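Residues per chain, in single letters:
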Amino acid sequence: MEVNNHFTENAKNDFQLVLKAREGDQKAYASLMQRYKDSIYFMALKMVNNKEDAMDLTVETFAKAFDKLDKYQPDFAFSTWLFRVATNNCIDFIRKKKLNTMSLHGMVDDDGDERPMQIAADELNPEEFSIKKQQTQELKALVDSLPPRYRNLITLRYFDELSYEEISTQLSLPLGTVKAQLFRAKYLLGNIINRRNKNDL
C-alpha cells in the first residue's frame, strides 16, 4: 500500500502506526488515540456544546475508527479521515437528539389538524426482556475483568446512572480525574469487547 508522497512527517508516522494497529499492536492504537483525543474532544464540544456528550462522542469516534481501520486508504492523512469519522458521528448524534427531543406540543397532520402523540411502550416483550437481561449480565462480566478503580467508575456511571458530579462527590475525587479515568475505563472496556467479538467470529 503506497503512502501519499505529499504526506507530512506526522502523517507518515500516523500511517506506520495504522499498519501496526491493523496487526493488533495495542500500543499503536494507544498512540493514535493519545495524539488525537484532545483535538477530537474539542471539535465534538464545539458541535454538541455539552462536555459529557463530547467525551462520550470522542470515545465512540475512536471505537468506530478502530473498527473500520482496514477501510482507511492512505490517499489522505489519517487525521483527515479520523476527523471525518468524528464529524459524521457528531452529526448523527445531533440528528438523533433532535428526534428524541421533538416537541410534544403542536403536533399536526398534513391537513393542519392536531393529532394525538403516539408514544411507544417502554415495556419489553418476554423475549426482548430475556435478551436484554442476558446482554446486561454479559456486560457486567466484562466490566468485572477491568482493574478495580475502572470497574467501580463504570458501575457508578452506567449501572447506577450517577452523573460525573455525583461520582466525584461519592469517591472524593476531582471532577477532572473522574472524567479522565472514565475515559480510560471506557477505552479499556471497548478493547475487551472488540477482542471478544473478534474471537467469537
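Here the structure is a predicted model, which means the values were calculated and not measured.

## Quick look at the packing of helix α6 (residues 148-159) against helix α7 (residues 164-171)
At a minimum axis separation of 10 Å, α6 and α7 run at an interaxial angle of 135°. By the angle between their axes, α6 is oblique relative to α7. Along this stretch, α6 crosses α7, giving a crossing that reads as right-handed. Residue-level contacts link Asn152, Leu153, Leu156 and Arg157 of α6 to Tyr164, Ile167, Gln170 and Leu171 of α7. Considering only residue class, the contact of α6 with α7 consists of 5 nonpolar, 2 polar and 1 charged.

## Here's the deal with a positive patch on the surface
On the surface, Lys64, Lys68, Lys71 and Lys96 cluster together to form a positively charged patch. Tracing the backbone shows Lys68 in the loop between α3 (51-67) and α4 (78-100).

## Description of the pattern of salt bridges
Tallied over the entire structure, the rule returns 5 salt bridges. The residue Asp92 makes a salt bridge to Arg95 at a minimum N-O spacing of 3.3 Å. Placement of the pair is Asp92 and Arg95 together in helix α4, with a separation of 3 residues, close to one helical turn.

## Points about the packing of aromatic side chains
For the structure on display, the rule yields 7 aromatic pairs. Ring centres of Tyr72 and Phe78 lie 5.8 Å apart, and the angle between their planes is 90°; this geometry places the pair in the edge-to-face category. Just as Tyr72 is buried, Phe78 falls in that class too. Their ring planes at 40° and their centres at 5.8 Å tell us that Phe78 and Trp81 sit as a pair that is tilted. Note that Phe78 and Trp81 are positioned in helix α4 at a spacing of 3 residues, about one turn of the helix. Trp81 matches Phe78 in its accessibility class, with the two residues each being buried. One aromatic cluster in this structure is built from Tyr36, Tyr72, Phe78 and Trp81. Lying across the ring of Phe183, Lys37 places its NZ or CZ 5.8 Å from the centre. Taking NZ or CZ as reference, Arg84 lies 5.4 Å from the ring centre of Phe76, over its face.

## Brief notes about the environment of Leu32
Note that Leu32 resides in helix α2 (residues 26-48). Excluding anything up to four places from it in sequence, Leu32 contacts Asp14, Leu17, Val18, Phe62, Phe66 and Phe78.

The rules behind each value
- Residues numbered from 1 in each chain as written.
- Predicted model: local features only at pLDDT ≥ 70, side-chain atom pairs only at ≥ 80, totals over all residues.
- Heavy atoms only, no water.
- Axes fitted to C-alpha atoms, helices over the stretch in contact; angles between N-to-C directions.
- Helix = DSSP H or I, 4+ residues; strand = E, 2+ residues; numbered from the N terminus.
- Parallel < 35°, antiparallel > 145°, perpendicular 65-115°, else oblique.
- Left-handed = near helix turned anticlockwise from the far one by under 90°.
- Contact = heavy atoms within 4.5 Å.
- Nonpolar A, V, L, I, M, F, W, Y, C, P; charged D, E, K, R; others polar.
- Patch = residues over 30% accessible without salt bridge, like charges linked within 9 Å, V, L, I, M, F, W, Y side chains within 5 Å.
- Areas by Shrake-Rupley, 256 points an atom, 1.4 Å probe, with all protein chains shown as cover.
- Salt bridge = Lys/Arg side-chain N within 4 Å of Asp/Glu carboxyl O.
- Lys, Arg positive; Asp, Glu negative; His and termini not counted.
- Charge placed at Lys NZ, Arg CZ, Asp CG, Glu CD.
- Phe/Tyr/Trp six-rings, centres within 6.5 Å; stacked < 30°, edge-to-face > 60°.
- Buried < 20%, exposed > 50% of the residue type's maximum accessible area, 1.4 Å probe, protein only.
- Lys NZ or Arg CZ within 6 Å of the ring centre and 35° of its normal.

These results come straight from atomic positions and should not be treated as a statement about function.
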